[in-house]
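Overview (structure and organization)
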Amino acid sequence: MGLLSDPVRRRALARLVLRLNAPLCVLSYVAGIAWFLALAFPPLTQRTYMSENAMGSTMVEEQFAGGDRARGFARDFAAHRRKSGALPVAWLERTMRSVGLEVYTQSFSRKLPFPDETHERYVVAGTNVYGILRAPRAASTESLVLTVPCGSDSTNSQAVGLLLALAAHFRGQIYWAKDIIFLVTEHDLLGTEAWLEAYHDTNVTGMQSSPLQGRAGAIQAALALELSSDMVTSLDVAVEGLNGQLPNLDLLNLFQTFCQKGGLLCTLQGKLQPQDWTSADGPLQGLQTLLLMVLQQASGRPHGPHGLFLRYRVEALTLRGINSFRQYKALEGMFRKLNHLLERLHQSFFLYLLAALARFVSIGLYMPAVGFLLLVLGLKALELWMRLHEAGAGPAEVGAASAPGTPLPPAQGVGLASLVAPLLISQAMGVALYTLPVLGQHVATQHFPVAEAEAVVLTLLAIYAAGLALPHSTHRVVSAQAPDRGWMALKLVALIYLALQLACIALTNFSLGFLLAATMVPAAALTEPCGPRPFYAALLVLTSPAATLLGSLFLWRELQEAPLSLAEGWQLFLGALAQGVLEHHTYGALLFPLLALGIYPCWLLFWNVLFWK
Amino acid sequence: MAAAVPLAVLALLLLGPGGWGYAEPLRDSLREELVITPLPSGDVAATFQFRTRWDSDLLQEEGTDHYFLRYAVLPREVVCTENLTPWKKLLPCSSKAGLSVLLKADRLFHTSYHSQAVHIRPVCRNARCTSVSWELRQTLSVVFDAFVTGQGKKDWSLFRMFSRTLTEPCPLASESRVYVDITSSSQDNETLEVNPPPLTTYQDVILGTRKTYAVYDLLDMAVISSSRNLNIQLKWKRPLENEAPPVPFLHAQRYVSGYGLQKGELSTLLYNTHPYRAFPVLLLDTVPWYLRLYVHTLTITSKGKENKPSYIHYQPAQDRLQPHLLEMLIQLPANSVSKVSIQFERALLKWTEYTPDPNHGFYVSPSVISALVPSMVAAKPVDWEESPLFSSLFPVSDSSSYFVRLYTEPLLVSLPTPDFSMPYNVICLTCTVVAVCYGSFYNLLTRTFHIEEPSTGGLAKRLANLIRRARGVPPL
């Protein structure tokens with residue numbers, strides 16, 4: 001404290017920050033990146049452990065042996081599906097009723113903002129079928145959900161078969177304390193979203209659906225099941241949900257317990273689990289898994305139907321796997337353990353990163369990584385603030401004692417006024433980027449030979465690129481007396497704006513915050529209207545949000561060991577843009593508005609700084 | 001089980017149909033009966049009823065003062081054998097003889113529905129009500145699940161359900177009967193068959209439909225003596241189709257809508273499936289104070305139009321003292337679904353007010369719906385003392401309608417809950433530290449500092465200044 005209250009020492013500190021600014025920034029950035037890379041190594045990754053007492057030691061004995069029955073159901077379902085070409089609602093209703101469930105259906109329809117070319121759908125209408133197994137002698141206050149999403153093809157018929165066989169087995173047991181809802185949704189995630197909204201009687205995304213006839217109280221946990229074929233290989237688990245939300249770690253621990261108990265081959269991000277964590281191999285493999293998780297979480301899209309449940313505070317997982325008898329038992333075991341729950345899952349971590357199924361990094365350990373990165377912005381802003389004051393005080397007064405505190409009314413007034421135009425224009429650019437592509441798709445299709453989806457993507461890119469032309473029109477008013485002050489003030493505002501945004505993002509979705517910070521911070525710190533401008537411009541363009549997205553796609557496929565060629569990457573990039581906009585409209589994913597309304601205008605400010613005249 | 005709520009043990013002071021009953025002097029008399037209703041789904045509902053009356057020296061004071069009527073409900077009670085044992089001890093024959101031998105805990109608690117009740121009420125012994133008997137009525141209803149207990153078979157027998165058969169009546173009983181609902185058989189002789197064949201049958205109008213019961217009187221020697229025990233069996237002659245069960249005229253559903261921990265909405269759906277008759281229902285809601293109801297958001301819609309209740313009584317909650325009470329008389333149009341919804345805000349409790357399992361959520365008691373539902377068949381008024389005990393469960397007000405009281409499901413609402421663990425403490429501590437640091441840093445960073453020359457001179461200077469002030473000259 002004495003350091004700050006003593007003006008002499010305060011000045012010394014200020015000089016230190018000014019003089020050592022560059023090395024401090026580099027050090028801080030390197031420390032942030034190094035900290036992140038070190039997360040996969042043992043002192044920072046910890047072993048997972050079950051915190052919830054009710055699901056603690058393995059007390060259930062799985063008895064389910066309905067593998068053949070499941071296969072029979074799956075065959076029938078696939079046959080009926082082929083015959084009708086859509087979800088065989090009547091057959092499902094009949095079958096669910098015959099295994100003793102209370103059966104209801106829900107029809108829904110949704111017109112997408114523009115045609116979805118990946119899934120080939122535009123106006124979607126479908127029917128969800130669900131059956132409720134009522135727990136005996138209970139009052140239907142709590143329930144568990146097993147959901148199977150059915151897409152346009154019949155790939156998931158094995159899962160439907162398994163769901164029906166499990167329902168038949170569960171119905172014969174008397175130990176249930178919670179109702180179990182067996183849900184088959186059409187049009188995969190759209191159906192799930194429609195059902196969830198109707199169950200909670202809300203309308204978040206403009207879905208039109210019939211009200212639900214049957215309910216079963218507060219949903220405590222949910223499992224989604226996707227089985228792609230009937231050959232046995234492995235069971236993959238997906239945790240990343242909408243907007244990077246994660247289920248409670250205990251749910252994953254539960255899955256892992258049954259993997260070990262049944263000797264199953266379980267994977268995370270499609271990666272086998274490294275056994276040896278003492279040598280470097282395990283952590284290096286863990287780092288790949290961790291990076292994959294960060295990329296998936298940062299995308300903010302639900303990686304499976306479970307992702308949509310998380311909004312309603314329902315802990316959920318998606319299991320993707322391939323048929324085997326032993327894996328059925330794991331499912332039975334998981335449901336029985338969840339049935340033991342006395343409270344909602346809350347004991348374990350909600351914010352974590354996974355290096356392997358049994359290794360995690362808790363929030364306390366990963367936050368410093370992004371903290372170091374944001375420190376760079378803070379240091380730069382501090383430096384600019386001091387330089388602004390010194391410049392305002394004039395060269396003669398720099399050494400004077402009163403420099404930091406003296407108000408400089410004329411110079412500051414000009415500085416702030418010159419900021420208004422760039423700020424407003426770049427923010428307006430963001431609003432245009434957010435609204436115009438979807439609003440203007442019809443105009444675009446009338447005047448250009450493109451389809452709606454293409455029109456949206458191309459408009460998006462066009463507006464994005466048009467933003468680069470802004471600096472030539474934004475700043476007409478520049479104070480003649482102190483030409484440096486203008487860009488300094490603008491950069492100061494931009495730095496603080498970026499730091500605040502990234503800090504808020506990192507608190508809710510660490511992965512996204514870290515990715516954006518790691519790419520945007522160096523360019524943001526370096527950008528100046530003087531110096532090697534072409535280099536700065538290249539750096540800025542390479543670290544703009546769109547370039548980060550493109551780079552992330554390449555990195556993602558590289559880590560999945562399916563590298564992309566340049567053309568494929570570009571196609572995937574265009575697809576990802578369309579998906580991002582669609583997911584915002586259909587599920588309420590926040591990545592697109594966040595980038596369009598927050599990060600992109602901020603990035604434009606730096607672009608403005610670079611071309612300040 | 002339509003919209004019935006398994007209120008586990010409901011002990012209430014029953015005023016009975018028409019207030020005070022009137023009975024001939026009866027001394028320690030026991031009537032017991034068992035009603036078995038095979039449902040179309042294959043499930044079997046069994047209702048035991050035991051009624052004991054004894055003379056009392058307690059003099060009846062004034063009539064019941066309705067200002068002091070109390071309604072209380074415990075939204076959750078875990079059903080277990082501990083509820084049954086003390087209940088059985090109230091029976092004169094305990095579980096040694098009579099119908100009560102069937103009350104075997106391990107069978108009764110493998111059922112899908114369980115409801116157990118004790119009713120106590122005073123009964124006038126003469127028309128002027130100068131002396132009073134007390135009546136203790138115990139009821140136990142269970143529904144046996146065809147899927148779980150019958151392994152998928154729909155046929156049943158007393159032995160298969162209770163793992164006991166009836167051997168003798170309770171020696172203290174003045175009446176001991178078993179009724180089996182054979183309505184579908186009486187309409188169409190091919191559907192089901194009871195064995196042994198009943199000696200008598202009984203017809204009555206229950207919930208607006210005509211029912212036929214096979215009657216087995218245990219006091220009648222012929223019923224038991226043939227094989228020394230009575231094991232009633234029922235066989236379905238035709239396999240039943242898997243069809244959705246028929247829907248009652250009035251049923252209801254209740255749920256919490258919305259997400260997040262700030263606001264929510266309580267919605268009650270009231271279904272009137274009668275094809276052409278509208279009828280009014282009385283809806284009674286008690287909501288705990290920690291859900292702060294916004295009464296201005298109360299909306300009732302039927303068939304897409306606003307439905308104005310003809311009567312509303314609302315008593316606002318007082319924090320920690322009294323819950324909200326909302327009572328409404330709503331007209332349900334024919335063949336409609338009416339939605340009653342009201343928004344609420346979740347209150348933040350004091351940290352000592354949370355239950356030991358706060359993350360489980362907090363229970364909200366069921367709404368109570370009372371209605372006179374139009375009946376399909378005209379019922380004749382019955383003499384309460386002569387007709388079987390079970391008919392008092394389905395009171396009839398007049399010939400055109402019958403009285404129904406429904407309880408919706410209780411709700412589980414999660415409230416904003418602090419994390420009562422180490423991280424919570426850590427967060428509190430860090431926030432305090434940050435707040436303190438922020439204050440002093442902000443102070444230091446925004447303050448301007450001026451260097452003041454240290455005063456030199458001391459006493460001499462002060463003296464000089466005094467003189468200067470006296471002279472009217474500015475001080476040094």
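Please read all numbers here as calculations on a predicted model, not as lab measurements.

What about the overall build of chain B?
Along chain B, the regular secondary structure elements total 7 helices and 25 strands. Per-residue burial over chain B gives 44% buried out of 476 residues. Taking the intrachain contacts of chain B between residues at least 6 apart in sequence as the baseline, contacts between residues at least 24 apart amount to 77%. When the accessible area of chain B is evaluated, it comes to approximately 25800 Å², of which 58% is carbon and sulfur surface.

Here we look at a nonpolar patch on the surface
All names here are of chain A. Together, Leu-16, Leu-20, Leu-24 and Leu-27 make up a nonpolar patch on the protein surface, roughly 340 Å² of accessible area in all. With respect to the helices and strands, the residue Leu-27 is situated in helix H3 (residues 21-38). For Leu-27, a relative accessible area of 58% puts it in the exposed group.

A look at the pattern of salt bridges
Summed over all chains, the structure comprises 27 salt bridges over all chains. Of the charged contacts in the structure, one is a salt bridge between Glu-193 of chain A and Arg-311 of chain A, with a shortest N-O distance of 3.4 Å. A residue pair is termed long-range when its members are at least 10 positions apart, and Glu-193 of chain A in helix H7 (residues 188-199) and Arg-311 of chain A in the loop between helix H10 (306-309) and strand S10 (315-321) qualify at 118 residues. Here Glu-193 of chain A and Arg-311 of chain A have matching classes, each one buried. Linked through salt bridges whose partners overlap, the residues forming this network are Arg-51, Arg-53, Arg-121, Glu-135 and Arg-137 of chain B.

Observations regarding the domain arrangement of chain B
By convention, interface size is frequently given as the accessible area that disappears when the constituent parts associate. All names here are of chain B. Domain assignment breaks chain B into domain 1 (28-57 + 69-236) and domain 2 (250-413). One C-alpha centre belongs to domain 1, the other to domain 2; they are set 29 Å apart. On the side of domain 2, 27 residues touch domain 1, which itself brings 22 residues to the contact. Taken over both partners, the interface formed by domain 1 and domain 2 buries close to 2200 Å², and the fraction arising from carbon and sulfur atoms is 65%.

Quick look at unusual backbone geometry
With an omega of -5°, the peptide bond running from Asn-195 of chain B to Pro-196 of chain B counts as cis. Position of Pro-196 of chain B among the secondary structure elements: in the loop between strand S9 (192-195) and strand S10 (200-206). A positive phi angle, close to 25°, is found at Asp-188 of chain A, a residue other than glycine. You can see Asp-188 of chain A is positioned in helix H7. A relative accessible area of 19% places Asp-188 of chain A in the buried class. Here Glu-561 of chain A, not a glycine, exhibits a phi torsion of approximately 60°, which is positive. Checked against the element boundaries, Glu-561 of chain A lands in the loop between helix H20 (545-559) and helix H21 (566-587).

Here's the deal with the UniProt feature "transmembrane region" (unreviewed entry) in chain B
Residues given the UniProt feature "transmembrane region" (unreviewed entry) here are residues 424-445 of chain B. Helix makes up 100% of residues 424-445 of chain B and strand 0%, whereas the separation of the span's terminal C-alpha atoms amounts to 31 Å.

Topic: the sheet that holds strand S17 (residues 305-306) of chain B
Strand order across the open sheet formed by 5 strands is S13-S14-S20-S16-S17 (chain B), with antiparallel pairing between neighbours. The two strands at the open ends of the sheet, each matched to only one other strand, are strand S13 (250-257) and S17 of chain B.

Details of the state of the cysteines
The tally for this structure, following the rule as stated, stands at 2 disulfides over all chains. In this model Cys-93 of chain B forms its disulfide with Cys-170 of chain B; the gap between the sulfur atoms is 1.6 Å. The disulfide joining Cys-93 of chain B to Cys-170 of chain B has a torsion of about 65° about its S-S bond and is therefore right-handed. In this pair, Cys-93 of chain B is assigned in the loop between helix H1 (81-89) and helix H2 (105-108) and Cys-170 of chain B in the loop between helix H3 (158-162) and strand S8 (173-181), connecting sequence segments 77 residues apart. The burial state of Cys-93 of chain B is the same as that of Cys-170 of chain B; both residues are buried. Free of any disulfide, Cys-25 of chain A has its nearest cysteine sulfur in Cys-530 of chain A, 16 Å distant. Free of any disulfide, Cys-437 of chain B has its nearest neighbouring cysteine sulfur in Cys-431 of chain B, separated by 12 Å. For Cys-437 of chain B, a relative accessible area of 32% gives the class partly exposed.

A look at the interface of chain B and chain A
Counting from both sides, the interface comprises 39 residues of chain B and, opposite them, 37 residues of chain A. Where chain B abuts chain A, roughly 3300 Å² becomes buried across the two surfaces, and 60% of that area is made up of carbon and sulfur atoms. When the buried surface of chain B facing chain A is broken down by residue, Phe-147, Tyr-259 and Asn-359 of chain B rank first, second and third, together holding 19% of it. Scanning the region where chain B abuts chain A turns up 2 salt bridges. Here Lys-339 of chain B and Asp-201 of chain A are joined by a salt bridge, their closest N and O atoms 2.7 Å apart.

Notes on the packing of aromatic side chains
All names here are of chain A. A complete count under the given rule lists 32 aromatic pairs over all chains for this structure. Between Phe-36 and Phe-514, the aromatic rings sit 4.2 Å apart at their centres with planes inclined by 25°, giving stacked as the arrangement. Linking Phe-36 in helix H3 with Phe-514 in helix H18 (residues 510-526), this pair joins segments that are 478 residues apart in sequence. As far as the burial class goes, Phe-36 and Phe-514 line up, both buried. Through successive ring pairs, a cluster of aromatic residues spans Phe-170, Tyr-175, Trp-176, Phe-182 and Phe-335. Over the face of the ring belonging to Tyr-175 we find Arg-336, whose NZ or CZ atom lies 4.0 Å from the ring centre.

Quick notes on the rules
- Residues numbered from 1 in each chain as written.
- Chains lettered and ligands numbered in written order.
- Predicted model: local features only at pLDDT ≥ 70, side-chain atom pairs only at ≥ 80, totals over all residues.
- Heavy atoms only, no water.
- Helix = DSSP H or I, 4+ residues; strand = E, 2+ residues; numbered from the N terminus.
- Buried < 20%, exposed > 50% of the residue type's maximum accessible area, 1.4 Å probe, protein only.
- Contact = heavy atoms within 4.5 Å.
- Areas by Shrake-Rupley, 256 points an atom, 1.4 Å probe, with all protein chains shown as cover.
- Patch = residues over 30% accessible without salt bridge, like charges linked within 9 Å, V, L, I, M, F, W, Y side chains within 5 Å.
- Salt bridge = Lys/Arg side-chain N within 4 Å of Asp/Glu carboxyl O.
- Domains from an automatic or database assignment.
- Buried area = accessible area lost by both parts, 1.4 Å probe.
- UniProt positions renumbered as here; feature names shortened; annotations may be inferred.
- Pairing = 2+ DSSP bridges.
- Disulfide = S-S within 2.5 Å.
- Phe/Tyr/Trp six-rings, centres within 6.5 Å; stacked < 30°, edge-to-face > 60°.
- Lys NZ or Arg CZ within 6 Å of the ring centre and 35° of its normal.

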